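# Examination of the molecular architecture
Residue strings, one per chain:
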Amino acid sequence: MYIVKPVLENNLTYIKSNFIKMTMAIDSLQQQNVPLSKSIKIVEDIKKSFETLNDQNGKAVNKKLHQVLEKKIVVFRH
């Protein structure tokens, strides 16, 4: 039997409750023949859900997501 420290358990609960949408979105985006409009909607939905995270960790993840998306947009424009 494993003994889980309360802080670790709280962190795992936080990750599961706030980022399960991200794993589901990645799975959806990896499917073949997904229309571009659906892919864009999936990304927009993730952006919106991350914007609701107001704690330090959530803000850091949201900032990183925006940085990654900005890089992708710049690459796409070239």
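Here, every reference points to the structure presented above.
Residues numbered from 1 in each chain as written. Predicted model: local features only at pLDDT ≥ 70, side-chain atom pairs only at ≥ 80, totals over all residues. Heavy atoms only, no water.

### Notes on the overall build of the protein chain
Scanning the protein chain from N- to C-terminus turns up 3 helices and 0 strands. When the elements of the protein chain are put in sequence order from the N terminus, they spell out α-α-α. By residue count, 15% of the 78 residues in the protein chain fall in the buried class. For the protein chain, restricting intrachain contacts to residue pairs at least 6 apart in sequence, the fraction spanning at least 24 positions comes to 45%. Put simply, the protein chain shows about 6,900 Å² of open surface, and 60% of that area lies on carbon and sulfur atoms. (Helix = DSSP H or I, 4+ residues; strand = E, 2+ residues; numbered from the N terminus. Buried < 20%, exposed > 50% of the residue type's maximum accessible area, 1.4 Å probe, protein only. Contact = heavy atoms within 4.5 Å. Areas by Shrake-Rupley, 256 points an atom, 1.4 Å probe, with all protein chains shown as cover.)

### A closer look at unusual backbone geometry
Even without being glycine, Asn-33 reaches a positive phi, approximately 60 degrees. Among the secondary structure elements, Asn-33 is positioned in the loop between helix 1 (6-30) and helix 2 (36-51).

### Quick look at the layout of surface pockets
The calculated volume of the largest pocket comes to roughly 410 Å³. The wall of the largest pocket is formed by 13 residues, among which Ile-40, Val-43, Leu-69, Lys-72 and Ile-73 lie closest to the centre. Mapped by element, the contributors of at least two residues to the lining of the largest pocket are helix 2 and helix 3 (56-77). Here the lining of the largest pocket takes 7 residues from helix 3, the largest share from any one element. Among the residues forming the lining of the largest pocket, the class breakdown is 7 nonpolar, 2 polar and 4 charged. (1 Å grid on protein atoms, 1.4 Å probe; cavity = no way out; pocket = protein on both sides within 12 Å on 5 of 7 lines; lining within 4 Å. Points joined across faces, edges and corners; volume = space filled by probe spheres on them. Nonpolar A, V, L, I, M, F, W, Y, C, P; charged D, E, K, R; others polar.)

### Let's talk about helix 2
If you check helix 2, its first and last C-alpha atoms are 23 Å apart, about what 16 residues at 1.5 Å a residue would give, namely 22 Å. Those residues of helix 2 that sit buried are Ser-39, Ile-42, Ile-46, Ser-49 and Phe-50. Summarising the axial view, the buried residues of helix 2 lie within an arc of 100 degrees, below the 170-degree limit, and thus occupy one face. Looking at helix 2, the residues exposed on the side facing more than 90 degrees away from the buried face are Leu-36, Ser-37 and Lys-48. (Expected span 1.5 Å × (residues − 1). Arc of directions from axis to C-beta.)

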